[in-house]
2 protein chains.
Amino acid sequence: MTLNQKDIYGIFTKYLSEQNLRMTTQRELILKTFCKQKKHVTAEQLYEILKKIDPTIGHATVYRTMKLLTEAGIARELNFGEGSVRYEPDTAKEHHDHLVCVKCGENIEFLDEEIETLQNRIVNKYGYKLVDHSLNLYGICPKCQKG
Amino acid sequence: MTLNQKDIYGIFTKYLSEQNLRMTTQRELILKTFCKQKKHVTAEQLYEILKKIDPTIGHATVYRTMKLLTEAGIARELNFGEGSVRYEPDTAKEHHDHLVCVKCGENIEFLDEEIETLQNRIVNKYGYKLVDHSLNLYGICPKCQKG
DNA sequence: CTCAGTGCAAAGGGTTTGCAGCCTA
DNA sequence: TAGGCTGCAAACCCTTTGCACTGAG
């Protein structure tokens, strides 16, 4: 169900050519580096990581590329209300949601079939066509409850 | 279950005095104007509305007061990923969630007991203590589907 | 008289945009 | 050669902060 790097690379090049855009060394580097991340990253964080690999890379290039990756369906934007957008790989077809610790920022991805079903029910009730959804639970993780 | 303006005024003055803060004409005006709004407003929008009533009112005062109202439990911050925070009256004890049209911005508030239950289940599963949650469904409303 | 509250303007963070030069098809 | 791509810096938007002044208790 998850896609490997080669697949993603193919998806991105396909998207780019559809848009009359090109694959470049920067875009490739950003794609690879983004996919390697274990945690959701902000564009800013990704930029910092990338600068260590290629110090000449520009701020704007990272932001622009993350927008492209989002449009291509490779990245997904997350908003935890921190004032900046986080990105996660959008490789799984099933949508998962997030449980965020408001103290330490740790976050868990979870999947709940029933929630997905209920969401569809709501959307149908109002005659909407579902495009996307975001469910964030904010809480205090076990560690922080003890500390 | 919903609170009237007098109640809210009382809640706010109580909160203020607890914090050794004072009720002022500006704070009162902002509170009243905020409560009158039918739709979720950003601080910026509220500022624009307030300027028509009192042109001398300051940007910062609105932002500062909205923070106070949030802390007092009167306003609730919403984040639809637009880059700015929206506020809604937090008068109902039950949490409601939002269904937002991505085309026209129309949004519906809905309440679903089962979703609330499921959220508690998730939180318990991971040993978290629930603090808050936000569920936003993004879709296309019936009107925009036709148009 | 004290100290919170205010408006203003400047600063701040995250993100986008304008632009000249570069590079690739 | 044309047009996309880049890095840089400036611009932008939303929000917060510093500051001197005002005003209520």
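Remember, it's a predicted structure, so these values are computed and weren't measured experimentally. (Residues numbered from 1 in each chain as written. Chains lettered and ligands numbered in written order. Predicted model: local features only at pLDDT ≥ 70, side-chain atom pairs only at ≥ 80, totals over all residues. Heavy atoms only, no water.)

*Asks:* In this structure, what is going on with the relation of the copies chain B and chain A? I would like to understand it.
*Replies:* Related by rotation about an axis and a shift along that axis, the two copies of the chain form a pair. Placing chain B over chain A gives an RMSD of 0.2 Å and needs a rotation angle of 179 degrees, together with 0.0 Å of translation along the axis. Such a combination of rotation and displacement between the chain copies is what one expects of a two-fold axis. Within chain B, the C-alpha atom positioned nearest to the axis of rotation is that of B:L135, 2.1 Å from it. When the interface residues of chain B are mapped onto chain A, 100% of them again fall at the interface, so both copies present the same face. (Least-squares fit on C-alpha atoms with pLDDT ≥ 70 in both. Contact = heavy atoms within 4.5 Å.)

*Asks:* Even after reading the chapter, I still don't get the protein's contact with DNA strand D, so can you show me in this structure?
*Replies:* Close to DNA strand D lie 21 residues; A:R22, A:T24, A:R27, A:T61 and B:Y63 are nearest. Interatomic distance of 2.8 Å between a side-chain N/O atom of A:T24 and a phosphate oxygen of DNA strand D. Separating a phosphate oxygen of DNA strand D from a backbone N or O atom of A:G58 is a distance of 3.1 Å. Broken down by element, the surface near DNA strand D gets its largest block of residues, five residues, from helix α4 (residues 59-71) of chain B. Along the lines of polarity and charge, the residues of the surface near DNA strand D split into six nonpolar, nine polar and six charged. (Near = heavy atom within 4 Å. Polar contact = N/O pair within 3.5 Å; in protein donor to acceptor, adjacent residues only side chain to side chain. Helix = DSSP H or I, 4+ residues; strand = E, 2+ residues; numbered from the N terminus. Nonpolar A, V, L, I, M, F, W, Y, C, P; charged D, E, K, R; others polar.)

*Asks:* Any chance you could explain unusual backbone geometry here in plain terms?
*Replies:* It is generally the case that most residues other than glycine have a negative phi and that most peptide bonds are trans. Phi at A:N20 is positive, roughly 60 degrees, even though this residue is not glycine. Note that A:N20 resides in the loop between α1 (5-18) and α2 (25-36).

*Asks:* Is there a simple way to explain the UniProt feature "binding site: Zn(2+)" (unreviewed entry) in chain A in this structure?
*Replies:* Residues and elements named next belong to chain A. Residues annotated by UniProt as "binding site: Zn(2+)" (unreviewed entry) correspond here to C101, C104, C141 and C144. Of the residues just listed, which span 44 residues, no C-alpha pair is farther apart than 8.3 Å, and they cluster in one region. For C104, the location among the structural elements is in the loop between β4 (97-101) and β5 (107-110). In this view, C104 contacts C141 and C144; residues no more than four positions away in its chain are not counted. Within the fold, C144 resides in helix α6 (residues 142-146). With residues near it in sequence (within four places) discarded, C144 still touches C101, K103 and C104. (UniProt positions renumbered as here; feature names shortened; annotations may be inferred.)

*Asks:* Would you take a moment to explain the side chain of A:D112 for this structure?
*Replies:* Here A:D112 is to be found in the loop between β5 and α5 (113-125). Within the structure, the side chain of A:D112 is placed 3.2 Å from the side chain of B:R121, a separation counted as a polar contact. Discounting residues that sit within four places of it in the chain, A:D112 has contacts with B:L118, B:R121 and B:I122.

*Asks:* Sorry, what's going on with the side chain of B:H133 here?
*Replies:* Within the secondary structure, B:H133 sits in strand β6 (residues 129-140). A distance of 3.0 Å separates the side chain of B:H133 from the side chain of B:Q119, its partner in a polar contact. What B:H133 contacts, discounting residues up to four positions off in sequence, is A:N136, A:L137, A:Y138, B:R76, B:H95, B:D97, B:E116 and B:Q119.

*Asks:* I'm lost on the environment of A:N107 in this one. Help?
*Replies:* Residues and elements named next belong to chain A. Structurally, N107 can be placed in strand β5. Note: C-alpha distance between N107 and Y138 (31 residues apart in sequence) is 9.1 Å. Beyond its immediate chain neighbours, meaning those up to four positions away, N107 contacts H40, F80, H98, L99 and V100. Within polar-contact distance, the side chain of N107 engages the side chain of H40 at 3.0 Å.

*Asks:* Explanation requested: the layout of surface pockets in the structure shown.
*Replies:* Over the atoms a probe the size of a water molecule is rolled, and this reveals where empty space is left. Considered as a void within the structure, the largest pocket measures approximately 1000 Å³ in volume. As for the largest pocket, its lining consists of 47 residues, and the residues nearest its centre are A:N79, A:S134, A:N136, B:N79 and B:N136. Of all the secondary-structure elements, those providing two or more residues to the lining of the largest pocket are β2 (75-78), β4 and β6 (129-140) of chain A together with β2 (75-78), β4 (97-101) and β6 of chain B. Residue composition of the lining of the largest pocket, grouped by class: 15 nonpolar, 20 polar and 12 charged. (1 Å grid on protein atoms, 1.4 Å probe; cavity = no way out; pocket = protein on both sides within 12 Å on 5 of 7 lines; lining within 4 Å. Points joined across faces, edges and corners; volume = space filled by probe spheres on them.)

*Asks:* What exactly am I supposed to notice about the packing of α2(A) against helix α4 (residues 59-71) of chain A here?
*Replies:* Working note: a packed helix pair is described by the angle between its axes plus the distance between those axes. All names here are of chain A. Where α2 contacts α4, the two axes come as close as 10 Å, and the packing angle between them is 70 degrees. Taken together, the axis directions place α2 and α4 in an arrangement best described as roughly perpendicular. Where α2 crosses over α4, the two elements pack in a sense that is right-handed. Note on element contacts: α4 touches α2 through T61, V62, T65, M66, L68 and L69, opposite Q26, R27, I30, L31 and F34. (Axes fitted to C-alpha atoms, helices over the stretch in contact; angles between N-to-C directions. Parallel < 35°, antiparallel > 145°, perpendicular 65-115°, else oblique. Left-handed = near helix turned anticlockwise from the far one by under 90°.)

*Asks:* Help me understand the interface of chain B and chain A in this model?
*Replies:* One frequent convention defines the size of an interface as the accessible area lost when the parts assemble. Of the residues lining the interface, 36 residues belong to chain B; the matching set on chain A comes to 36 residues. Taken together, the connections running from chain B to chain A amount to four salt bridges. Salt-bridge contacts for A:D112 lead to B:R121; the nearest nitrogen and oxygen are separated by 3.2 Å. Every element with two or more residues in the side of chain B that touches chain A is listed here: β4, β5 (107-110), α5 (113-125), β6 and α6 (142-146) of chain B. No other element matches β6(B), which puts 12 residues into the side of chain B that touches chain A. Judged from the 11 bridges that link them, β6(A) and β6(B) form a sheet pairing that is antiparallel. Bridge pairing links A:Y138 to B:D132 in β6(B). (Salt bridge = Lys/Arg side-chain N within 4 Å of Asp/Glu carboxyl O. Pairing = 2+ DSSP bridges.)

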